[in-house]
Amino acid sequence: MARTLPLEGVLVADFSRVLAGPYATMMLADLGATVVKVERPDTGDDTRSWGPPWTERSSSYFESLNRGKRSLALDLTVEEDRRAAVELAGRADVLVENHRPGSLERFGLDYPALSAVNPGLLYVSITGFGSERGAELSGYDFVVQAVGGLMSITGFPEGPPTKVGVAVVDVLTGKDAAFGVLAALRQRETTGRGQRIEVNLLSSLLSGLVNQAGAFLATGESPERMGNRHPSIAPYETLRCEDGPLAVAVGNDAQFRRFTETLGLVWMAEDPRFATNADRVRNREELVAELENVLGARPAAAWQQRLQRVGIACGQVNDLAGAVRQAESLGLEPTVTPTGGAPGIRHPVEFSGAARARPTAPPSLGEHNEEVLAWLSRPDAPLSGPEPETSTPASDRDVGIA
């Protein structure tokens, strides 16, 4: 029996741009959904121009978020294009948008208008700060990292508040949006009804602050920047070795005993300053000084090998090239090369009972206008989605409207 893709047959109308929305819809495309990306003519998604770096087709930024989709360039101020957009939304299972709240209403693309003709529609709205009092605020990841408290706990105590090195709030929000779609699809199976799903960057960030937010709610005190240290566990940080840092994560007292035995510091596990995790957190400076005095005698790679043998979580600080190489060495197959496109990072979820998608390259602007508009003129025709990797290669089959 041929393995199918989990979201095969689900049609997504993607009216989003930049990162959170396109990331969510790419995750859905990777799982087999058919995604039609609606873009402005001439300019398209903002990220098409966000370079360098560039690939042979577009910016690497755009390509990292838009594989496996079709591009439909529509000017919503033109009546013919507006009708096409409404028709697409009327047939879709899912619509994802991140426009300013209320701005799609004048085109007939708001949830009340669309749900009246497509009651099964799952309408996903992504905003920066919600659709109520924050509706008029622009929400870019960097700003939300600042106002949402993430920058206040990122960086070293003596340095300024610092953003994370990737737009992590957009990524969290995109995952929340995709998660919401999956839950709503399941509910629709029993009710037959669609619904509106709302996510916003600030709420996704606050949810993602987990233990740091919990510490604030428990004490009323805002956590502070600690560099690479953990506020509640020690040692759980980078420690200096002979040639550079080693990230070490010791999660309980039994691990600490094995750790110190391997370092030849057996006495530390019995020392009242370090016997329990709470003791180690209170006496972190003394703890680190003792550990680094020994670790500094050997290279980080040597310590990593010895410590991993006894089950201590540790690793050298890789750059991205090293991170991809390590994933490859572990058999994780971290990258995927879409048909006709540049390599990207593979969808992280594996299913034992489903195939992987064979993604197509991120589309050029308006690349699929003829195909999608022809499909929209045929009320009962399906629009094909991604092919499983186990199917016939794309070069050997006809791709298009069934």
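Structure shown above.
None of the values given here were measured: they were computed from a predicted structure.

### Concerning the overall build of the chain
Broken down by element type, the chain carries 14 helices and 13 strands. Here the analysis covers contacts within the chain between residues at least 6 apart in sequence; of these, 67% occur between residues at least 24 apart. Here the chain has roughly 20,400 Å² of accessible surface; of this, 53% comes from carbon and sulfur atoms. One finds the centroid of the 39 positive side-chain charges in the chain at a distance of 3 Å from the centroid of its 52 negative side-chain charges.

### Re empty space enclosed by the protein
If you walk through the whole model with that rule in mind, you get one cavity of 30 Å³ or more. Put simply, the largest cavity is a space of about 180 Å³. Lining the largest cavity are 16 residues, and of these Asp30, His347, Val349, Arg356 and Ala357 sit closest to its centre.

### A look at the packing of helix H1 (residues 20-30) against helix H6 (residues 168-191)
Taken N-terminus to C-terminus, the directions of H1 and H6 make an angle of 45 degrees; their axes are 8 Å apart at the nearest point. One finds that H1 runs oblique with respect to H6. For the crossing formed where H1 meets H6, the hand is right-handed. On the side of H1, the interface is formed by Ala20, Tyr23, Ala24 and Leu28, while H6 contributes Asp170, Val171, Thr173, Gly174, Lys175, Ala177, Ala178, Val181 and Leu182. Here the contact of H1 with H6 is built from residues that sort into nine nonpolar, two polar and two charged.

### As for the nonpolar core
Core analysis: the biggest nonpolar cluster contains 30 residues, and Val12, Val94, Val124 and Ile126 have the highest contact counts within it. Those residues in contact with Ile126, other than ones at most four positions away along the chain, are Ala20, Gly21, Val96, Glu97, Asn98, Thr173, Ala177, Val199 and Leu201. Counting residues in each nonpolar core, the second largest holds 26 residues, with Leu95, Leu109, Tyr111 and Val372 among its members.

### Re the pattern of salt bridges
For the structure on display, the rule yields 25 salt bridges. A salt bridge links Asp45 to Lys37; its shortest N-O distance comes to 2.9 Å. Lys37 matches Asp45 in its accessibility class, with the two residues each being buried. Residues Glu79 and Arg82 are paired through a salt bridge, measuring 2.8 Å at the closest nitrogen-oxygen approach. Residue Glu79 and its partner Arg82 are located together in helix H3 (residues 79-91), separated by three residues, close to a single helical turn. For Glu79, a relative accessible area of 39% gives the class partly exposed.

### Description of the environment of Leu205
Tracing the backbone through its elements, the reader meets Leu205 in helix H7 (residues 201-208). Discounting residues that sit within four places of it in the chain, Leu205 has contacts with Val144, Gln145, Gly148, Leu150 and Val169.

### So, the layout of surface pockets
Here the largest pocket is characterised by a volume of approximately 850 Å³. For the largest pocket, the lining is made up of 38 residues, of which Arg17, Val18, Asn98, His99 and Arg100 are closest to its centre. Put simply, the parts of the chain that give the lining of the largest pocket at least two residues each are strand S2 (34-39) and strand S5 (122-127). Among the elements that make up the lining of the largest pocket, the one with the highest residue count is S2 (three residues). Tallied by class, residues from the lining of the largest pocket come to 16 nonpolar, 11 polar and 11 charged.

Rules and cut-offs
Residues numbered from 1 in each chain as written. Predicted model: local features only at pLDDT ≥ 70, side-chain atom pairs only at ≥ 80, totals over all residues. Heavy atoms only, no water. Helix = DSSP H or I, 4+ residues; strand = E, 2+ residues; numbered from the N terminus. Contact = heavy atoms within 4.5 Å. Areas by Shrake-Rupley, 256 points an atom, 1.4 Å probe, with all protein chains shown as cover. Lys, Arg positive; Asp, Glu negative; His and termini not counted. Charge placed at Lys NZ, Arg CZ, Asp CG, Glu CD. 1 Å grid on protein atoms, 1.4 Å probe; cavity = no way out; pocket = protein on both sides within 12 Å on 5 of 7 lines; lining within 4 Å. Points joined across faces, edges and corners; volume = space filled by probe spheres on them. Axes fitted to C-alpha atoms, helices over the stretch in contact; angles between N-to-C directions. Parallel < 35°, antiparallel > 145°, perpendicular 65-115°, else oblique. Left-handed = near helix turned anticlockwise from the far one by under 90°. Nonpolar A, V, L, I, M, F, W, Y, C, P; charged D, E, K, R; others polar. Core = buried A, V, L, I, M, F, W, Y, C linked by side-chain atoms within 4.5 Å. Buried < 20%, exposed > 50% of the residue type's maximum accessible area, 1.4 Å probe, protein only. Salt bridge = Lys/Arg side-chain N within 4 Å of Asp/Glu carboxyl O.

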